[in-house]
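Examination of the molecular architecture
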Amino acid sequence: MTTFTKDSHQPIAPMKKILIVLLAVCCTSLQSCDDDDNKQVEVADTNIEGLFLGVVGFNNDVYVTGISNNITATNTAIDKLENNVDQTALCYGISKGIEQLTQFNSSQALDQAFIVAFTDGYDNYSGRYFPSVGQGAVVTHTQTLLRNASISGKPIKTYTIGLAGAGTLVDSDLNSLAVNGQYLRATSSTLQNTFQSIAKSLISTASNISILTSNTAINANDPKYLQITFNTYADPAFNGAMTPYTIYAQFINPGGTAPGFRVTSPKVNHISFIGDTGALITGSIQGSKYVVPLANLSINSPSSGQNLFIKDVVVANKFGTRPYTVDVEDSEAKKAIDKNVAVVLVLDCSTSLGTDFTPMKRYSKEFIQTLVDSKK
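Residues numbered from 1 in each chain as written. Predicted model: local features only at pLDDT ≥ 70, side-chain atom pairs only at ≥ 80, totals over all residues. Heavy atoms only, no water.

Nonpolar side chains tend to gather and get buried jointly when the protein is soluble and globular. Ranked by internal contacts, the top residues of the largest apolar core, which has 34 residues, are Val116, Phe118, Leu191, Phe195, Met360 and Phe367. Listing elements by their share of this core, those giving two or more residues are β3 (51-58), α1 (71-79), β5 (112-119), β6 (157-163), β7 (182-186), α5 (191-205), β19 (341-347) and α6 (357-374). Residue contributions to this core peak at 7 residues, all from α6. Contact partners of Phe118, with chain neighbours within four places excluded, come to Ile161, Leu163, Leu191, Phe195, Val346, Leu347, Asp348, Leu353 and Met360. Within the second largest apolar cluster, 32 residues are counted, among which are Phe58, Phe104, Ala113 and Ala178. (Core = buried A, V, L, I, M, F, W, Y, C linked by side-chain atoms within 4.5 Å. Buried < 20%, exposed > 50% of the residue type's maximum accessible area, 1.4 Å probe, protein only. Helix = DSSP H or I, 4+ residues; strand = E, 2+ residues; numbered from the N terminus. Contact = heavy atoms within 4.5 Å.)

Quick look at the sheet that holds strand β10 (residues 243-252) now. A sheet is described by the order of its strands in space; here 5 strands give the open sequence β11-β10-β9-β16-β17, paired in antiparallel fashion. Two strands bound the open sheet, and with one partner strand each, they are β11 (260-263) and β17 (325-326). (Pairing = 2+ DSSP bridges.)

The next point concerns the pairing of β19. Among the 7 residues in β19, 7 count as buried, and that is most of the element. By the alternation rule, side chains of β19 split into Val341, Val343, Leu345 and Leu347 and Ala342, Val344 and Val346, which are all buried. Pairing geometry for β5 and β19, over 7 bridges, is parallel. Counterpart to Phe114 in the pairing with β19 is Val343.

Take the pattern of salt bridges next. One pass over the structure, following the stated rule, counts 6 salt bridges. Residues Glu99 and Lys96 are paired through a salt bridge, measuring 2.8 Å at the closest nitrogen-oxygen approach. You can see Glu99 and its partner Lys96 sitting in helix α2 (residues 90-105), 3 residues apart, about one turn around the helix. Overall, Glu99 belongs to the partly exposed group, its relative accessible area being 32%. Arg185 is the salt-bridge partner of Asp171, the closest N and O atoms lying 2.7 Å from each other. With Asp171 in helix α4 (residues 171-177) and Arg185 in strand β7, the pair connects residues that are 14 residues apart, well separated along the chain. (Salt bridge = Lys/Arg side-chain N within 4 Å of Asp/Glu carboxyl O.)

In this structure, Leu101 sits in helix α2. Judged by its relative accessible area of 0%, Leu101 is buried. With 242 residues separating them in the primary sequence, Leu101 and Val343 have C-alpha atoms 8.4 Å apart.

Summed over all chains, the structure comprises 4 cavities of 30 Å³ or more. Approximately 90 Å³ is the volume found for the second largest cavity. Taken together, the elements giving at least two residues each to the lining of the second largest cavity come down to α5, β8 (207-214) and β15 (298-299). (1 Å grid on protein atoms, 1.4 Å probe; cavity = no way out; pocket = protein on both sides within 12 Å on 5 of 7 lines; lining within 4 Å. Points joined across faces, edges and corners; volume = space filled by probe spheres on them.)

Here the structure, examined in full by the defined rule, presents 8 aromatic pairs. Aromatic side chains Tyr125 and Tyr129 sit 6.4 Å apart centroid to centroid with 50° between the ring planes, which places their arrangement in the tilted category. Residue Tyr125 is classed as buried on the basis of its relative accessible area of 13%. Given a relative accessible area of 25%, Tyr129 falls into the partly exposed group. (Phe/Tyr/Trp six-rings, centres within 6.5 Å; stacked < 30°, edge-to-face > 60°.)

What follows concerns the confidence of the model for the protein. Taken residue by residue, the protein gives an average pLDDT of 81. The fraction at 70 or more is 85%. Per-element confidence in the protein ranges from a low mean pLDDT of 46 for strand β1 (residues 5-6) to a high of 96 for helix α3 (residues 138-148). Long-range and interchain partners of residues 24-37, a stretch whose pLDDT sits below 50, account for 42 contacts in this model, where long-range means more than four residues apart. (pLDDT = per-residue confidence, 0-100.)

This part is about the pairing of β6. For β6, a buried count of 7 out of 7 residues is recorded, marking the element as mostly surrounded by other parts of the structure. With burial as the criterion, each face of β6 is covered, one bearing Lys157, Tyr159, Ile161 and Leu163 and the other bearing Thr158, Thr160 and Gly162. In the sheet, β5 pairs with β6 via 6 bridges, with the strands oriented parallel. Paired with Ile115 across the strands is Thr158, a residue of β6. After leaving β5, the chain enters α3 and then returns to the sheet as β6, a path that is right-handed. As defined by bridge partners, β6 adjoins β7 across 5 bridges and the pair is classed as parallel. Within β7, the position partnered with Thr160 by the bridge is Tyr183. (Right-handed = clockwise from strand over helix to strand, strands pointing away.)

This next bit is on the environment of Ala113. One can find Ala113 in strand β5. Taking the relative accessible area as the measure of exposure, Ala113 reaches 2% and is therefore buried. Separated by 12 residues in sequence, Ala113 and Leu101 have C-alpha atoms that sit 7.4 Å apart.

Okay, α5 next. For α5, built from 15 residues, the straight-helix expectation of 21 Å at 1.5 Å per residue is met to within 8% by its first-to-last C-alpha distance of 21 Å. Counting buried residues in α5 gives 11 out of 15 residues, a clear majority hidden from the surface. (Expected span 1.5 Å × (residues − 1).)

Pasting the structure below:
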């Protein structure tokens with residue numbers, strides 16, 4: 001059974017694989033979250049290997065449920081949320097999400113960490129929890145927290161959703177909180193697609209891409225040159241125009257026992273991965289292949305900053321001055337979804353949501369189901 005405990009006093013048990021923490025603006029009292037009208041018919045629990053979920057409710061206070069891989073319990077916790085308080089401590093909720101990720105990562109190393117924040121209005125309460133900051137600076141303060149946060153040496157990627165409606169949105173605030181991620185503005189009619197778009201984005205972004213090349217002897221004075229092209233789309237469903245981005249690298253393997261991979265093209269800000277500055281990237285020998293991971297790969301649009309989705313990767317190679325050719329038996333790429341991924345979902349449950357509140361909860365559960373399906 002899911003139970004609520006106040007603020008950060010909820011102990012987080014060490015767990016493995018994927019963690020999703022759901023933060024939400026909830027009701028003022030614990031009892032109101034357990035209203036008879038919201039009681040669910042008991043069904044068999046659904047547990048997903050490698051997928052861990054939790055729920056944190058917040059409005060003018062913060063409440064936390066335990067983290068588990070019980071999908072049924074998580075959905076029930078979302079069902080119990082109520083929107084009977086018109087206070088919004090969004091930034092404080094995000095800060096609690098950062099704390100949750102950091103605490104969990106101390107016991108279980110994560111490959112990727114995400115925060116998804118949803119609101120229909122502006123933050124009007126976090127200043128009470130950041131007394132040395134003040135209400136007028138809570139957004140800047142939280143942005144700094146996100147920029148300075150590190151999960152396994154990698155940044156947290158934050159998505160924000162602003163629902164246009166009865167509340168008052170401050171687009172610039174939500175955009176500034178989308179650190180290493182993206183801000184999306186939605187309406188009642190587009191909210192479902194917005195949640196799904198972000199779910200697919202997380203799955204795509206949490207996919208590790210590795211370069212596979214033949215594990216043969218290659219002398220340093222005659223390296224193999226690689227041309228690696230990422231075919232990207234602005235739409236996670238890969239609709240619309242495709243935009244290619246290309247980088248270049250060299251591969252050597254003296255004596256067939258000392259493989260080395262270096263990126264040789266100039267560093268560009270909108271393409272990032274560990275080793276993108278030309279540092280030696282170490283990989284592993286797997287049979288006749290040498291596998292080079294492009295860890296934490298992220299590509300953003302140079303013009304809009306929007307996260308782009310990589311549909312496929314084309315690897316061409318050559319020796320000397322000969323032209324690049326594509327030979328999948330010699331050089332290729334593969335994608336694999338990271339196993340240790342954490343997602344914090346922040347849900348606004350203020351009264352201004354009105355009739356959009358119930359659909360928001362339903363779309364949140366659909367968001368979870370999309371992540372669940374990616375694990376099957």
